[in-house]
Amino acid sequence: MASELFSPLHLRSGQVLGNRIVKAAMEGGMAGAGQLPDERLRLLYRRWGAGGAGLLITGNVMVHAEALTVPGGLVLDAAAPLEPYAAWAAAGKAGGAAMWMQINHPGRQVLAGMPGVVWGPSAVAVDLGPRSKLFGHPVAMTPDQIDATVARFGVTAARAERAGFDGVQIHAAHGYLLSQFLSPLVNRRGDAWGGSLEDRARMLLDVVREVRAAVAPSFVVTVKLNSADFQRGGFDVDDARRVIAMLEPVGVDLVELSGGSYESPAMSGHATDAHTRAREAYFLELATELAADSPLPLMLTGGITRRQTAEDVLAGGVSLVGMGTALASTPDLPARWREGREADKPLRKVAWPDKTLASAAAMALVRHQMRRIARGNNPAPGTSPVYALATDQLEQRRSLHRYRAWLATAPARSAAAADRCG
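Reading guide: rules and limits
- The residue count restarts for each chain, going from 1 along the sequence in the order it is written.
- Reporting of local features is limited, given that this is a predicted model, to residues whose pLDDT is at least 70; pairs of side-chain atoms are given and counted only at 80 or more, and all residues count toward the totals for whole chains, interfaces and linings.
- The side-chain values count all of the structure's non-hydrogen atoms but skip hydrogen atoms and water molecules.
- Starting at the N terminus, helices and strands are each numbered in turn, a helix being any DSSP run of H or I of at least four residues and a strand any DSSP run of E of at least two.
- Only C-alpha atoms enter the radius of gyration, while the globule expectation follows 2.2 Å times N to the 0.38, with N the number of residues.
- The classification of residues rests on relative accessible area computed with a 1.4 Å probe and restricted to protein chains. Under 20% of the type maximum is buried, over 50% is exposed, and intermediate values are partly exposed.
- In this description, contact between two residues means that some pair of their heavy atoms is separated by no more than 4.5 Å.
- Here the accessible surface of atoms and residues is derived via Shrake-Rupley with a 1.4 Å probe, and residues count as covered only by protein chains that are part of the display.
- Orientation is described by axes fitted as lines to C-alpha atoms, over the contacting stretch for helices, and by angles from 0 to 180 degrees between their N-to-C directions.
- Angles are sorted into four bins: roughly parallel if under 35 degrees, roughly antiparallel if over 145, roughly perpendicular if 65 to 115, and oblique for all others.
- Should the near helix be turned counterclockwise from the far one by less than a right angle, the crossing is left-handed, whereas a clockwise turn marks it as right-handed.
- Polar here means any residue other than Ala, Val, Leu, Ile, Met, Phe, Trp, Tyr, Cys and Pro, which are nonpolar, and Asp, Glu, Lys and Arg, which are charged; Gly is therefore polar.
- We define a salt bridge as a side-chain nitrogen of Lys or Arg found within 4 Å of a carboxyl oxygen belonging to Asp or Glu.

**Q** How should the overall build of the protein be read in this particular structure?
**A** When helices and strands are tallied, the protein shows 14 helices and 14 strands. For 422 residues, the compact-globule formula gives about 22 Å, and the C-alpha radius of gyration of the protein, at 20 Å, lands near that figure. Counting only C-alpha atoms, the protein reaches 55 × 45 × 45 Å along its principal axes. Taking all 422 residues of the protein together, the buried fraction comes to 60%. Partitioning the contacts of the protein with sequence separation of at least 6, the portion at a separation of at least 24 is 71%. Accessible surface, the protein: about 15900 Å² in total, of which carbon and sulfur atoms supply 54%.

Put into structure tokens, the structure is as follows:
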């Protein structure tokens, strides 16, 4: 019997994905000069595109030049040139996969010492206990700042379409800005953007409407949403169900489910919630529960490494299987599955007692593999987590120096954007 993994998926916008396997978004921190994609990202995504996945979703592309998740973040705003993005899209699509751009704003999840702004729905800082000082202290956004940020998402989506991407994914998970607005723990506003879930979801819905109005009907618009935050009193599965229902009438094609934040990093298998186990398909039970009555097709990401697990995800009513870490260590894993093979060797597990540090090391391991592929090398799954974390921190320091110098050119960039618009 043919596997559903290799059957097409038709989306409401008209786009058809060749199979159900997705290279999910991963934070690479690999921006070249000018916070733009360069040959390294083109080589990396060309390799993934040739590996058999039906869809590639990029890592974070930031909508606001003064608000980056990491100093090596990509920026696609009104001032950014489109040519590097067009070349990136073409490289990823060369093997037949569709390519969507993940677009994001970090909100309060900005490293301390970064230039720019640290915004949030309220002035509630990231709580990592003794490591809380790693992040800047946020200020509550004004209504004008909220409106300007909504508009930035629309600008980025429209420019992604012009560059040749097939869709965008609006990031409203993992504790970033739109997720912060959804969280009752972080959003303590008393105005139109706080209080009830409907009001906490207002900014996300406004972003979706802005994006949908800025692009063609055939361009895919999706949302990445936490199935739960895994923090007591936070955004939970019932909230997720209600938000998915809100997203259907505003033109969303699909919702990707993940979970956690920097405070409870369930997305890397290190949740602080005692009821969450680090295993394959971390959020499968929640996703199956949500799929039972979801008005939109769902995608699940988090810890999937084996074909049988992917088959189990689809059997639970989920439409797409997203993988990140597995494809960082085995870029051609979808093609292997089609041939009845599995990965040779997974990445090393990071089982350190400090969950915050363990999550940082796990993400550094993934970025190490991505950088190896981007240099034309094969992954090295046996890399030491300590080595990966140390070299990742060194790369971030170098990127921060470049980012500071680039951000100082803001007036010149604004003038260039005005010229393009003129």
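**Q** What is the right way to look at the packing of helix H1 (residues 39-49) against helix H2 (residues 83-93) in this model?
**A** The angle between the axes and the distance between the axes are what describe a pair of packed helices. Their axes nearest at 7 Å, the elements H1 and H2 cross at an angle of 25 degrees. Put simply, H1 runs roughly parallel to H2. The way H1 lies across H2 gives a crossing that is right-handed. Residues Leu 41, Arg 42, Tyr 45, Arg 46 and Gly 49 of H1 lie in contact with H2, whose contacting residues are Ala 87, Trp 88, Ala 91 and Gly 92. Residue classes in the contact of H1 with H2 are distributed as five nonpolar, two polar and two charged.

**Q** Before we go on, may I ask you to explain the pattern of salt bridges in this structure?
**A** Two side chains with opposite charge may pair up if their charged atoms get near one another. Taken as a whole, this structure holds 23 salt bridges when the rule is applied. Linking Arg 42 and Glu 39 is a salt bridge whose minimum nitrogen-to-oxygen distance equals 3.0 Å. Taken together, the positions of Arg 42 and Glu 39, both in helix H1 and three residues apart, correspond to about one turn of that helix. Glu 39 gets classed as partly exposed once you look at its relative accessible area, which sits at 42%. Arg 241 is paired through a salt bridge with Asp 293; the nearest N and O atoms lie 3.4 Å apart. Here the residue Arg 241 occupies a position in helix H7 (residues 237-247), and Asp 293 occupies one in the loop between helix H8 (284-291) and strand E13 (298-301), the gap between them amounting to 52 residues. Note on Asp 293: relative accessible area 47%, which makes it partly exposed. Each of Asp 238, Arg 241, Glu 289 and Asp 293 takes part in one network of salt bridges that share partners.

By themselves these figures say nothing about function.
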